[in-house]
Amino acid sequence: MVLAEVSRRDVRADHTRTELAQQTRVGEALVRGLVRAQLTLALRMSLLVLVGLGGLPWLFAIAPAVGRLTVLGVNLPWLLLGVVSFPFLIVVGWAYVRLAERNEQDFTDLVQRPER
């Protein structure tokens, strides 16, 4: 009884993989969903970088007093754009890779999940 259920699950999972390999409508829809998820993630991270780094010059233009502040003898704009921006970009890149891998893992789990 158990062996029959296991073999049935393998056939269903193979069916989904076949859909992907043969690029049927179902397979195309699955891949399109993955591509859409990855594109959405990339756009969100790009927006985060755009607001985070691109917003600094706007902040300094709108509030000139903030642009004149000094920290440890260095002007705040130079400190933020020249030093703090690099760790920010590293963290955003790390988060992007983790989230992109999670999207791919979710896709793999969906493809390998037995159909009901």
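Everything numeric in this text was worked out from a predicted model, so none of it was measured.

Caption draft 1: View of the overall build of the protein. Counting secondary structure elements, the protein contains four helices and two strands. When its helices and strands are written in sequence order, the protein yields α-α-α-β-β-α. Residue pairs in contact within the protein that sit at least 24 positions apart in sequence constitute 71% of those at least 6 positions apart.

Caption draft 2: Summary view of the confidence of the model for the protein. Summarising the model, the protein shows a mean pLDDT of 80, and 78% of its residues fall at 70 or more. Looking across the protein, the model is least confident in helix α1 (residues 2-21), with a mean pLDDT of 53, and most confident in helix α4 (residues 76-112), with 89. Every residue in residues 1-7 is under pLDDT 50, and counting partners more than four places away or in other chains gives zero contacts.

Caption draft 3: Layout of the side chain of S85. Its place among the elements puts S85 in helix α4. The buried category is assigned to S85, whose relative accessible area is 7%. Apart from residues lying up to four places away in sequence, S85 is in contact with L53 and L80.

Caption draft 4: A look at the packing of helix α2 (residues 25-62) against α4. Packing of α2 against α4 brings their axes to within 10 Å, and their N-to-C directions diverge by 170°. By the angle between their directions, the pair α2 and α4 is classed as roughly antiparallel. Residues of the contact of α2 with α4, tallied by class, amount to 24 nonpolar, four polar and one charged.

Reading the values: the criteria
Residues numbered from 1 in each chain as written. Predicted model: local features only at pLDDT ≥ 70, side-chain atom pairs only at ≥ 80, totals over all residues. Heavy atoms only, no water. Helix = DSSP H or I, 4+ residues; strand = E, 2+ residues; numbered from the N terminus. Contact = heavy atoms within 4.5 Å. pLDDT = per-residue confidence, 0-100. Buried < 20%, exposed > 50% of the residue type's maximum accessible area, 1.4 Å probe, protein only. Axes fitted to C-alpha atoms, helices over the stretch in contact; angles between N-to-C directions. Parallel < 35°, antiparallel > 145°, perpendicular 65-115°, else oblique. Nonpolar A, V, L, I, M, F, W, Y, C, P; charged D, E, K, R; others polar.

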